[in-house]
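# Per-entry structural report
Take a look at the letters that make up each chain.
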Amino acid sequence: MSSIAMLMPRRVMNRVMSEEALQRLAGGRQVAFPPPAEGSPPSWDNVIRGAEIILTSWNSPPLSEALLQEAPQLKLLLHAAGSVKSVVTDSLWERGIRVVSSASVLSRGVAETALGLTIMSLKNIWDVTERTRAGDWWNNRVDEVRSGIREMYGLTIGCIGAGQAGRRYMELLRHFRVKVLLYDPTLTVQQAAALGAESVSMERLMSEADLVMVLAPEIPATYRMINEARLSLLKDDAVLINLARGSLVDESALQRRLSSSGCRLKVILDVTDPEPPPASHWLRTHPNIRLTGHIAGSVNNGLFALGAFVLDELERYESGEPLIGEIDRAGLNQLA
């Protein structure tokens, strides 16, 4: 019988683990749940003590040496969220504990959101709905808006990042007759081609794409990668969408680009830096920008897919099967 510790706040557990999942978890296993009280930080020492497997998520504690000493038999960490960087430590890796991330589950929602925003923004839904609400319906005034509508045919889509979300996004784009340019220095030309994309420089992608989708991880190499020089390459009627992290876009440079004469660039930011931006921040009021408040991944019912995934991984582990979401220390720096 496996000894399992739910090392996450109860409010988080209730968001990622459905009742069905909790019943499935408890079947034939010894499970330590977090205390119900949320008024003070729980004593994680008591929860993790003696565990062989731990489940973590958002707001779980870092697995310090002191905490790990309470579970000398620990073999596996199942993380019901995306990035594991908030919980993994050197001590964890040094003990040889296996680590599983649910990033593949979250990436599915991000890719679906990316496709939806791609179609809506190219369709010029912003201006069409505003004009229609004002009473116009395909008369002469609306014709100005109608000329800005573009369909998913013969356009060039630029994807920055071929991680799990980027790959799923490009997979969805295969259903449309568009050209896909990819910037990801970790992939070969052949690997990009296998994804249905052409591997290009960032400069070429920014200058040729009708829409640029940012899905790269937040690592030192991607800090402010969407800078002034690259923003200047965008077509005036292009669309820029950032579903990665706010630090990837130089927001001051973006403000200057949008302030240039005749700029019709449209921008959707699901993430900002800082997040959220202050109430008086220019991002909140600029007519060419839409902020979506970090909803690209799972938000409500979709979070239960994370719990289902870690339970699938748990059962694979118990039966000696390969783990789908396992990550190692060497590749951690390339992950979001």
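Scroll up to find the structure this text is about.
Procedures and definitions
- Residues numbered from 1 in each chain as written.
- Predicted model: local features only at pLDDT ≥ 70, side-chain atom pairs only at ≥ 80, totals over all residues.
- Heavy atoms only, no water.
- Helix = DSSP H or I, 4+ residues; strand = E, 2+ residues; numbered from the N terminus.
- Buried < 20%, exposed > 50% of the residue type's maximum accessible area, 1.4 Å probe, protein only.
- Polar contact = N/O pair within 3.5 Å; in protein donor to acceptor, adjacent residues only side chain to side chain.
- Contact = heavy atoms within 4.5 Å.
- Pairing = 2+ DSSP bridges.
- Axes fitted to C-alpha atoms, helices over the stretch in contact; angles between N-to-C directions.

Most peptide bonds take the trans form, and the phi angle of most residues other than glycine is negative. Omega for the bond connecting Asp 273 with Pro 274 falls within 30 degrees of zero, at 5°, which places this linkage in the cis form. Among the secondary structure elements, Pro 274 is positioned in the loop between strand E11 (266-269) and strand E12 (289-291). Omega for the peptide link from Glu 275 to Pro 276 comes to -5°, which places this bond in the cis form. For Pro 276, the location among the structural elements is in the loop between E11 and E12. Although it is not a glycine, Arg 224 sits at a positive phi angle of roughly 55°. Note on placement: Arg 224 falls in the loop between strand E9 (211-214) and helix H12 (228-231). Residue classification places Arg 224 among the partly exposed positions, given a relative accessible area of 23%.

Okay, the side chain of Arg 257 next. Following the sequence through the fold, Arg 257 ends up in helix H13 (residues 251-259). Overall, Arg 257 belongs to the buried group, its relative accessible area being 11%. Separated by 2.9 Å, the side chain of Arg 257 and the backbone oxygen of Leu 231 make a polar contact. Filtering out sequence-adjacent residues up to four positions away, Arg 257 remains in contact with Leu 231, Ser 232, Leu 234, Lys 235, Asp 236, Cys 263 and Leu 265.

The next point concerns the sheet that holds strand E5 (residues 98-101). Reading across the sheet, the 6 strands line up as E2-E1-E3-E4-E5-E13 and stay open at both edges, with mixed pairing between neighbours. Only two strands of the sheet have a single neighbouring strand rather than two, namely strand E2 (30-32) and strand E13 (326-327). Direction of pairing for E5 relative to E13: antiparallel, over a ladder of 2 bridges. Across the sheet, the residue bridging to Val 100 is Glu 326, located in E13.

Quick look at the sheet that holds strand E6 (residues 153-160) now. Here 7 strands make up an open sheet; going across it, the order is E8-E7-E6-E9-E10-E11-E12 and the pairing parallel. Both edges of this open sheet fall to strand E8 (198-199) and E12, since each of them pairs with a single strand only. Packed on one face of the sheet, helix H7 (residues 125-133) meets E11 and E12 and runs near 100° to E11.

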